[in-house]
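# Analysis of the macromolecular model
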Amino acid sequence: MSLDRSSTGHMADSMVPRWLTILIFVLLAIALAVGLYARLAGFGGRSLAVDEYYFVSSVDNLLARGLPEFATGGYYLRGITLQYVTAASALLFGGGGVGDSAAYRLPVLLFGLGAIILNVFYLRRFARWHLIAAVTIALLVSSWQVEFDRFLRMYSALQFVTLVFFITLHRSLTGPAATQGGPARYLPHLAAVLAVLTHSLALFLVPFLFLGLLLPDYRPRLGGLAARVRYGLAGTAVLIFSLALSRTDSRAIGVAEARFPEGFVSPLVNDGPLWLPELPFFHLATSPLMHLAVVLGAVGVVGLVLALLARRLRGIGIADFYVVALILFTAAHLFLPAALIAMILFFRYQVHRVADQPTRRLAGIALAILIAIGWLIYATLDQGWLSAFGADAGPVRGFRLAFFGWPNLYRSVLLPWSLELPWLGLLAFFSIFYILATLARRPLGEIALHPAMVALYTLMCFGVFNTLYPTTRYAYFIYPFLLTAIVLTIDDVAGRLAPRQLRAALSVAVFLGLFAIAGDFHPRHLMATASADVTYRSGPFAPYAATWYPRRDAAGAARYALETVPADAPVVVVDLLPASHYLRREHAVYLFREDEEFYNNSRRGGTVDLWANRPLLSEPGALCRYAGAAGEIWLLIEPDTAKARQLLEAAFGARQTARETVFTGHGGSTAVVRVTLGPGACPP
């Protein structure tokens with residue numbers, strides 16, 4: 001039974017009963033009303049989160065200078081397309097003060113709603129209308145989708161341009177543009193550039209530009225050799241541009257002066273842009289990167305040799321390449337890519353049908369199995385290798401890192417999804433593999449462009465490229481693809497088990513029912529998006545802070561300071577960066593030197609904050625000296641943390657005659673503290 005709509009779509013649509021059609025349109029209307037209300041309630045009244053503050057600060061720089069240039073030099077190029085669109089919105093509609101970010105947030109909202117509309121057009125190739133409607137209902141009432149349609153960053157815009165990319169890619173490879181040529185053939189290249197200028201994660205999309213050259217399904221449609229060369233050069237140019245942009249530290253462009261204080265040592269551990277395998281047993285080269293390059297190079301050489309042999313010897317095929325790759329990856333104890341290859345051999349090349357396989361192929365598979373068993377026996381009997389992972393490393397962690405550590409799917413995919421959206425993740429991952437197993441015998445071109453393959457490929461990219469932070473947030477741009485995989489799996493299972501006349505109703509009901517309990521449908525949230533508990537991830541919504549992004553009441557603290565603090569009193573924002581956006585008065589910023597924020601924001605020898613362009617303090621003595629001879633100092637701070645208490649004691653010591661918390665933000669997330677000072681010396 002096919003998972004695509006091309007062969008049976010019209011017949012299956014005729015099996016959708018009238019009552020179900022009416023019910024679906026009613027549910028769509030309700031979902032649209034609820035979704036719009038949830039997105040618009042209190043729109044613009046939220047305090048900026050930390051990442052939102054960075055983005056808005058760059059937009060303000062763009063409005064002031066025409067470029068996203070910092071006052072101390074350098075540029076912020078992340079999301080440059082969205083920055084210009086947001087700047088235009090701010091110019092047209094104004095705003096930006098305390099409690100007024102609607103003009104800044106409007107483009108994000110429009111991109112989010114636009115992505116839902118685009119997804120309808122994208123899915124027409126893969127699903128029947130009632131399944132498309134079910135996914136649309138889910139996206140409209142998805143709490144994750146609602147929150148990110150109100151989140152002033154690039155994620156909803158990236159989701160939008162990702163859908164633009166795949167719509168144009170499909171049309172360029174399979175539509176009229178594929179045979180007519182002309183500029184329309186290069187629309188995916190333009191979309192890819194736009195996507196990369198929206199977010200660096202769009203680098204993952206660029207390899208799809210080469211499918212037309214690599215897959216025999218599409219290669220003839222590109223025309224003759226000259227046309228293929230032009231097409232390949234265009235893709236290569238996009239790839240080079242994307243890599244250059246992603247590896248350029250635009251904040252350092254034109255900055256000659258020292259960023260940090262003399263003697264400063266960065267506390268950050270840079271793992272590099274790639275995840276690399278752990279090597280507790282043997283090394284093929286001097287570094288893990290070169291070791292991996294040797295393994296992948298060997299796989300590539302084998303592929304080239306087999307391709308040459310296939311022209312001369314009958315019977316040599318791609319399955320033989322996979323068998324040799326299976327042996328090499330197993331020998332290098334890289335069991336994850338070996339397992340992926342084993343699945344390809346099983347589902348696509350049917351190697352379990354032993355009678356149909358040549359002896360060499362079966363022998364190669366048997367050898368790979370024996371190597372894997374040998375590794376496991378050796379690692380079990382002699383566990384001295386565990387010391388490579390630290391003195392306290394246990395066997396479970398050691399085996400995971402040694403045999404399943406590359407690609408690093410555990411840290412980058414499995415761990416964040418299991419902590420944030422476990423049931424939804426489980427449904428999505430199962431559905432991806434189910435669909436690809438069902439499609440395994442179909443043409444490669446069809447498989448490569450299927451939403452399930454796009455989702456699997458993207459998740460694998462997270463296991464190869466180090467995105468620094470393990471979070472589901474980075475996978476948000478493929479959320480429609482994940483929901484599509486789920487609904488197509490449910491529909492296929494329903495088609496196998498249920499009578500034809502019940503298939504459509506059962507598919508829609510099961511999908512919406514599972515979505516409702518899978519962790520991303522929260523009616524209380526949808527009806528209360530303007531509430532403080534939702535805004536600041538407190539009360540019943542505290543567990544969703546990691547998924548929806550945490551937020552503190554910086555605007556409330558700044559508003560209090562603007563209304564209450566005397567104009568000549570010293571004010572310091574302590575590790576509460578978004579408050580600087582609202583605090584339109586003289587103030588300093590304090591950042592702890594051991595934190596990542598100080599490393600990222602320090603300028604002019606550690607004396608100026610990059611984003612606020614305000615004096616930067618980073619030692620207790622500097623905080624004390626900033627107060628000078630004033631009788632009091634006001635701090636906007638995150639209260640009740642050990643770091644905050646230690647800072648106040650270390651900075652003021654005997655000078656501190658009184659300390660009072662005069663304002664507390666919602667849920668205790670922020671505070672304004674007035675410290676009364678007497679005479680005395682400051683610490684060095």
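Quantities reported herein were computed from a predicted structural model and do not represent experimental measurements. (Residues numbered from 1 in each chain as written. Predicted model: local features only at pLDDT ≥ 70, side-chain atom pairs only at ≥ 80, totals over all residues. Heavy atoms only, no water.)

## With respect to the state of the cysteines
Tallied over the entire structure, the rule returns 1 disulfide. The disulfide bridge from cysteine 624 ends at cysteine 682, spanning 2.0 Å between sulfur atoms. The S-S bond linking cysteine 624 to cysteine 682 shows a torsion near -70°; that makes this disulfide left-handed. Here cysteine 682 lies in the segment after strand 8 (671–677) and cysteine 624 lies in helix 30 (residues 620–627), a separation of 58 residues in the sequence. We classify cysteine 624 as buried; its relative accessible area is 0%. You can call cysteine 682 partly exposed: its relative accessible area is 26%. (Disulfide = S-S within 2.5 Å. Helix = DSSP H or I, 4+ residues; strand = E, 2+ residues; numbered from the N terminus. Buried < 20%, exposed > 50% of the residue type's maximum accessible area, 1.4 Å probe, protein only.)

## Considering the layout of surface pockets
Of the voids in this model, the second largest pocket is the one considered here, and its volume is about 1800 Å³. The wall of the second largest pocket is formed by 39 residues, among which Tyr322, Leu340, Ile344, Met453 and Tyr457 lie closest to the centre. Counting residues per element, the ones that place at least two in the lining of the second largest pocket are helix 11 (211–214), helix 13 (288–310), helix 14 (318–331), helix 15 (335–347), helix 19 (422–438), helix 20 (444–448) and helix 21 (451–464). Here the residues of the lining of the second largest pocket are counted per class, giving 37 nonpolar, no polar and 2 charged. (1 Å grid on protein atoms, 1.4 Å probe; cavity = no way out; pocket = protein on both sides within 12 Å on 5 of 7 lines; lining within 4 Å. Points joined across faces, edges and corners; volume = space filled by probe spheres on them. Nonpolar A, V, L, I, M, F, W, Y, C, P; charged D, E, K, R; others polar.)

## Notes on the packing of helix 19 against helix 21
Packing of helix 19 against helix 21 leaves a shortest axis separation of 9 Å and a crossing angle of 125°. Put simply, helix 19 runs oblique to helix 21. When the axes of helix 19 and helix 21 are compared, the crossing they make is left-handed. Residue-level inspection shows Phe429, Ile432, Phe433, Ile435 and Leu436 of helix 19 in contact with helix 21, the latter providing Ala452, Met453, Ala455, Leu456 and Leu459. (Axes fitted to C-alpha atoms, helices over the stretch in contact; angles between N-to-C directions. Parallel < 35°, antiparallel > 145°, perpendicular 65-115°, else oblique. Left-handed = near helix turned anticlockwise from the far one by under 90°. Contact = heavy atoms within 4.5 Å.)

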